[in-house]
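Coordinate inspection notes
Single-letter residue listing:
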Amino acid sequence: FMTYFANRQTNQTDTSTCRSRDELFIGALSFAYFSKALTGTYVKSSITQIERRFDLSSSHVGLIDGSFEMGNLLFLALVSHFGAQLHRPKLIAAGCLLMAAGALLTACVSESGSNMWIYIFLGNALRGIGETPVTPLGVSYIDDFAKAENSPFYIACLQTITLLGPTFGFLLGSYCAKLYVDVGQVDLDGVTITPRDARWVGAWWLGFLVSSGLLLVSSVPFWFLPRSLPKQEGDEDAPAPDGTEDTLGSGSPDLKLTDIAKGFLPSLKRLLGTPAYFLLLCGSVLKFSSFIGLFTFKAKYMEQQFGQSASRANFLLGVLNLPAVAVGIFLGGLIMRRYKLSVVSGAQLSLATSFMGYLLLLLLFGTKCENLPVAGLTVSYNGSATVSYGGETLVSECNGGCSCLPEDWDPVCSGSGITYVSPCLAGCLASSGHGRNTVFHNCSCVSTSFPAGSTTSVRLGQCPHAKDCSSSFTSYMAVSVLSSFINALGATPGYMVIIRCISPELKSLALGIQALGTRTLGGIPAPVYFGALIDSTCLKWSLKKCGGRGACRIYDSDMYSGG
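Residues numbered from 1 in each chain as written. Predicted model: local features only at pLDDT ≥ 70, side-chain atom pairs only at ≥ 80, totals over all residues. Heavy atoms only, no water.

An unreviewed UniProt entry lists the protein chain under the name Solute carrier organic anion transporter family member, with Kryptolebias marmoratus given as the organism. Per UniProt, the protein chain carries the Sequence similarities (unreviewed entry) text "Belongs to the organo anion transporter (TC 2.A.60) family." Within the UniProt record for the protein chain, the comment given under Subcellular location (unreviewed entry) is "Cell membrane". (UniProt positions renumbered as here; feature names shortened; annotations may be inferred.)

Thoughts on the overall build of the protein chain
Along the protein chain, the regular secondary structure elements total 20 helices and seven strands. Out of the 563 residues belonging to the protein chain, those deemed buried represent 53%. Contacts in the protein chain between residues far apart in sequence, at least 24 positions, make up 77% of those at least 6 positions apart. Summed over its atoms, the accessible surface of the protein chain is roughly 25000 Å², and 63% of this surface lies on carbon and sulfur atoms. (Helix = DSSP H or I, 4+ residues; strand = E, 2+ residues; numbered from the N terminus. Buried < 20%, exposed > 50% of the residue type's maximum accessible area, 1.4 Å probe, protein only. Contact = heavy atoms within 4.5 Å. Areas by Shrake-Rupley, 256 points an atom, 1.4 Å probe, with all protein chains shown as cover.)

Description of the pairing of strand S6 (residues 538-543)
Counting buried residues in S6 gives five out of six residues, a clear majority hidden from the surface. Direction of pairing for S6 relative to strand S7 (residues 549-555): antiparallel, over a ladder of four bridges. Bridge pairing in S7 links Cys538 to Tyr555. (Pairing = 2+ DSSP bridges.)

Overview of the packing of helix H11 (residues 264-272) against helix H18 (residues 507-523)
Here H11 crosses H18 at 75 degrees, and the two axes come no closer than 11 Å. Taken together, the axes of H11 and H18 lie roughly perpendicular to each other. Contacts between H11 and H18 pair Phe264, Ser267, Leu268, Leu271 and Leu272 from the former with Leu509, Ala510 and Ile513 from the latter. Class assignment of the residues belonging to the contact of H11 with H18 gives a composition of seven nonpolar, one polar and no charged. (Axes fitted to C-alpha atoms, helices over the stretch in contact; angles between N-to-C directions. Parallel < 35°, antiparallel > 145°, perpendicular 65-115°, else oblique. Nonpolar A, V, L, I, M, F, W, Y, C, P; charged D, E, K, R; others polar.)

Regarding the pattern of salt bridges
Following the criterion strictly, the structure yields seven salt bridges and no others. The partner of Arg52 in a salt bridge is Glu303, and the shortest N-O contact between them spans 3.4 Å. With Arg52 in helix H2 (residues 47-53) and Glu303 in helix H12 (residues 275-306), the pair connects residues that are 251 residues apart, well separated along the chain. Residue Asp182 is joined to Arg53 by a salt bridge in which the shortest nitrogen-to-oxygen separation is 3.7 Å. One end of the pair, Asp182, is in the loop between helix H8 (164-178) and helix H9 (204-218); the other, Arg53, is in helix H2, and 129 residues separate them in sequence. Accessibility assignment for this pair places Asp182 and Arg53 in one class, buried. Residues participating in the shared-partner salt-bridge network are Asp197, Arg199 and Asp410. (Salt bridge = Lys/Arg side-chain N within 4 Å of Asp/Glu carboxyl O.)

Section: the pairing of S7
Among the seven residues in S7, six count as buried, and that is most of the element. Adjacent in sequence and paired antiparallel, S6 and S7 are bridged by five residues, among which Gly547 carries a positive phi angle near 90 degrees.

Set out below in structure tokens:
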């Protein structure tokens, strides 16, 4: 009798311990996902700042953004295959440490030299290497110990919590974009530009320091978790705890790395030979290509097309788009659990939501603003509409004798709403005021487009967009948020279809190959060719101190929205 109750108490204690470890792993993985998502999103939110700081083109910063996927490409398939048979929590911990080191390396780039961007490239690549074990090993670890009907819900919760990371990443980017890059080192009263100016560079390095600290903290819990956990109660095929030692390289007593390596190619052939998995993989590549291109340059598009500051663009993405995505992913997992959708039903739901989401995106072509009137670029000096590309169009009769440099970009705004590239090109002869309050007078080019007797003065800075641009921006954000929500509804069903359509022992490899394929064929080239398309719409390039083309100052809005 005493033995019975003693054994029962022992079993209850073991169950409670296992349950607490389950909760610890899910909580730790959620925080790791949060931290890496925050860092990745912060990189996207800082694209404009990095572009301006190092005088880079959009295709160039697209290559830097793709370095994360390049780092992933080097180790993802191997980590997914070998990691499934090694100590997964400790591999995840090591990955978090590498990501923290990569973010710290990026933050330490303080100089604006022409080649300093290479350190950002390397830091981003190191972050990509560190991320390789987190997703495939973390998801497969959950799916191994969770009930079949609970696994989709756990993963949906994980992805929903993860989306808090991008939300806070954009908010962090919004805050840092308000601060001048050399904050604390220069007199801000002497800075003549504002956050809406095309030359403004925010304190982008500050966010990387915060990200590095979060990633470092996220690695700690995984060092104290076991190699595996017993299956949750209620599954008929629940395996007993294996009692494996909690060491990094421990596996079954007779398992060797050479034996694991020999099984890699046969496993890969078997995986890619599954028709359902192969078709889902192709669909994921196409979807990820469009997503990553839009996501990388979305904030920049809002800046250039609608005249928003980098800080405001990042803020709106963080408080509107990302919460809609989080709700969509959570509801998708809830639908899978509530209605116990089969693999076929899950695939149908994923396809339907993706199709509806992309149909909504077509509406965005109707939400755009007209080109900002810039004399010599988008309008002539007499105010008639024209779009040109070349320094010769900036010189006119009204400023021909001023010996102006067409390469300069120091915009001024006239009372008529026309922006001039510089006070010299506006034909100004005098100035008054100081800093941001500087006003230029007796501008001969302004008089050519003004009625007789009107003021010929201009103030420092670009003119704002027309008032009707605000309503277009509201429509743009509404369609964008709705499209994000509908697309997100199919995320969890699509994810679970990939897991369920292959053998259990291939789950880690399947997730790893999916991540490898989408990032290789989508994540690396998409930011580069999206950036190249954006560069093709540039109307005015800056000039580097050492010569050569720098960052773009203004784009053709009509071509930008169409591209």
